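So the chains spell out like this:
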Amino acid sequence: MTYALPAAIERIPAAQLPQLLRTMPKAELHMHIEGSLEPELIFALAQRNGVTLPYDSVQALRSAYAFTDLQSFLDIYYAGASVLLHEQDFYDMAMAYLERAAADHVVRAELFFDPQTHTERGVPIEVVILGLSRACHDAQARWGISAALILSFLRHLSEEAAFETLEAALPYRAHFIGIGLDSSELGNPPEKFERVFARCKALGFHLVAHAGEEGPPAYVWSALNALQVERIDHGVQSEKDVELMQRLAQTRMPLTVCPLSNQKLCVFPDLREHNLPRLLAAGLNVTVNSDDPAYFGGYVNDNYLQVFAATGMGAAQAYQLARNSLEASFASPAQQAAWVQQLDDCFARFAQSA
Ligand SMILES: [Zn+2]
């Protein structure tokens, strides 16, 4: 930790913690916009677009969300995305998420999107990018939330396919700020994408990658060394490697941790065993995020509330996690400082009213 905690933070009573977690300003840095598709919206879009789903009701679809690992989740996730065809569909999906995020006091959201999930179905990349970008713009005007897009490559596909996606997206580069790497981790190590990430770095994009969710610490090392990322998405397996933990702590490398996702995909089947408190205590720059909120049982505030209730963390950790999220965002330093001031004011109010 490189900053002092607000004065009198210890006076905030435990009973106030849930309300503090809900109302404190925060950034969400790890969420896949396709993973915000609620079953109701999937059915509405299917009807609007004349798409037939392999489920005959909202309830049947919702009850299919009994994943046991990353792959069983991804199979349903790609089926859900099949209803997205037109720019308005992408816009509506992103607006639905951003409205919820603003209600959760998210002041900054950086959204992953997977163009290959859509271009492989024949949807032009500009339909995807322009629909999402328009939502980010309108959400700022409507709810005051700052939002930006991170284009993610699907790692189960080839590096050549990633290069093709990048080239197709470049005419629209003003609409996204960074590049990520997601989908099936095991068997698809970061170094598979070393050359395309080097190209993205040369183009001036921010770089992030999923690593150490189910995969070993070696994947986190190669995301750092081969891909030169600025944030690690998940990274919870880093705990198995002492040297890696030291490197992450010393460099203040942000980890975008997703507690409910980890629980649902059985990375930590019992939330009480989640290593978030240990990572924080070890000096790592961890943040809390929702990953695929429609599929994993909750948006970002649900993640905070449930992991705090399960692990017994308190106001000091709440402050650290929120501040880490604001400062690990790709917003400007001046904008980050303004949000940190809002965070400090929020904690001061709770300490005063105690
Ligand atoms: Zn993810």
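Basis of the calculations
Residues numbered from 1 in each chain as written. Predicted model: local features only at pLDDT ≥ 70, side-chain atom pairs only at ≥ 80, totals over all residues. UniProt positions renumbered as here; feature names shortened; annotations may be inferred. Buried ≥ 20, exposed ≤ 12 C-beta atoms within 10 Å, placed from the backbone. Contact = placed C-beta atoms within 7 Å. Helix = DSSP H or I, 4+ residues; strand = E, 2+ residues; numbered from the N terminus. Pairing = 2+ DSSP bridges. Expected span 1.5 Å × (residues − 1). Arc of directions from axis to C-beta. Axes fitted to C-alpha atoms, helices over the stretch in contact; angles between N-to-C directions. Core = buried A, V, L, I, M, F, W, Y, C linked by C-beta atoms within 7 Å. Right-handed = clockwise from strand over helix to strand, strands pointing away.

### Quick word on the UniProt feature "site: Important for catalytic activity" (unreviewed entry) in the protein
Moving on, step 1. The positions that UniProt labels "site: Important for catalytic activity" (unreviewed entry) are, in the present scheme, His234.
Moving on, step 2. C-beta crowding within 10 Å serves as the criterion here: with 27 such atoms nearby, His234 is assigned to the buried category.
Moving on, step 3. Excluding anything up to four places from it in sequence, His234 contacts His210, Ala211, Gly212, Glu213, Thr256, Val257 and Cys258.

### Some remarks on the pairing of strand 8 (residues 285–288)
Moving on, step 1. Burial along strand 8 is two-sided: Asn285 and Thr287 facing one way and Val286 and Val288 facing the other are all buried.
Moving on, step 2. By the bridge criterion, 4 bridges tie strand 7 (residues 254–257) to strand 8 in an arrangement that is parallel. Among the inter-strand pairings, Leu255 is bridged to a residue of strand 8, identified as Val286.

### Let's talk about helix 4 (residues 70–81)
Moving on, step 1. Along its 12 residues, helix 4 runs 16 Å from first to last C-alpha, staying within 8% of the 16 Å computed at 1.5 Å per residue.
Moving on, step 2. Taken together, the buried positions of helix 4 are occupied by Leu70, Phe73, Tyr77, Gly80 and Ala81. Across the axial projection of helix 4, the buried residues extend over an arc of 90 degrees, all falling on one side.
Moving on, step 3. Each element contacted by the buried residues of helix 4 is listed here: helix 2 (39–49), helix 6 (115–119) and helix 14 (293–296).

### Quick word on the environment of Asp182
Moving on, step 1. Inspection of the secondary structure assignment puts Asp182 in strand 4 (residues 178–182).
Moving on, step 2. Residue Asp182 is classed as buried on the basis of its 24 C-beta neighbours within 10 Å.
Moving on, step 3. As for Asp182 and Leu151, which are separated by 31 residues in sequence, their C-alpha atoms are 10.0 Å apart.
Moving on, step 4. Residues in contact with Asp182, not counting those within four places in the same chain, are His32, Phe112, Asp114, Ser152, Leu154, Arg155 and His210.

### Focus on the sheet that holds strand 3 (residues 146–154)
Moving on, step 1. An order of 1-2-3-4-5-6-7-8 is seen for the 8 strands of this open sheet, with the pairing classed as parallel. The open sheet has two free edges, formed respectively by strand 1 (26–32) and strand 8, since each of these has just one partner strand. Within this sheet the neighbouring strands show an average axis-to-axis angle of 25 degrees, counted without direction.
Moving on, step 2. The sheet contact formed by strand 4 and strand 5 (residues 206–211) spans 2 bridges and is parallel. Bridge assignment links Ile179 to a residue of strand 5, and that residue is Leu207.

### Some thoughts on the environment of Trp143
Moving on, step 1. Here Trp143 is to be found in helix 7 (residues 125–143).
Moving on, step 2. Residues Trp143 and Ala102, spaced 41 residues apart in sequence, show a C-alpha to C-alpha distance of 6.5 Å.
Moving on, step 3. Not counting chain neighbours up to four residues away, the residues in contact with Trp143 comprise Leu98, Glu99 and Ala102.

### Let's talk about the nonpolar core
Moving on, step 1. In this structure, Ile33, Ala94, Leu98, Leu111, Leu132, Ala223 and Ala318 are the most contacted members of the largest nonpolar core, which totals 102 residues.
Moving on, step 2. Beyond its immediate sequence surroundings of up to four residues, Ala318 is in contact with Leu17, Leu20, Leu21 and Met24.

### Topic: the pairing of strand 4
Moving on, step 1. Of all the 5 residues making up strand 4, 5 are buried; the element is thus mostly covered by neighbouring parts of the structure.
Moving on, step 2. Going residue by residue along strand 4, you find Gly178, Gly180 and Asp182 tucked away on one face and Ile179 and Leu181 tucked away on the opposite face as well.
Moving on, step 3. Across 5 bridges, strand 3 lies against strand 4 in parallel orientation. What sits directly across from Ser152, in strand 4, is Gly180.
Moving on, step 4. Crossover strand 3 to strand 4 through helix 8 (residues 159–169) is right-handed.
Moving on, step 5. Between the parallel pair strand 4 and strand 5, the chain is carried across by helix 9 (residues 194–202), and the sense of this crossover is right-handed.

### Comments concerning the UniProt feature "domain: Adenosine deaminase" (unreviewed entry) in the protein
Moving on, step 1. UniProt's feature table lists "domain: Adenosine deaminase" (unreviewed entry) at residues 25–344, given in the numbering used throughout.
Moving on, step 2. Its end C-alpha atoms 9 Å apart, residues 25–344 is made of 50% helix and 15% strand.

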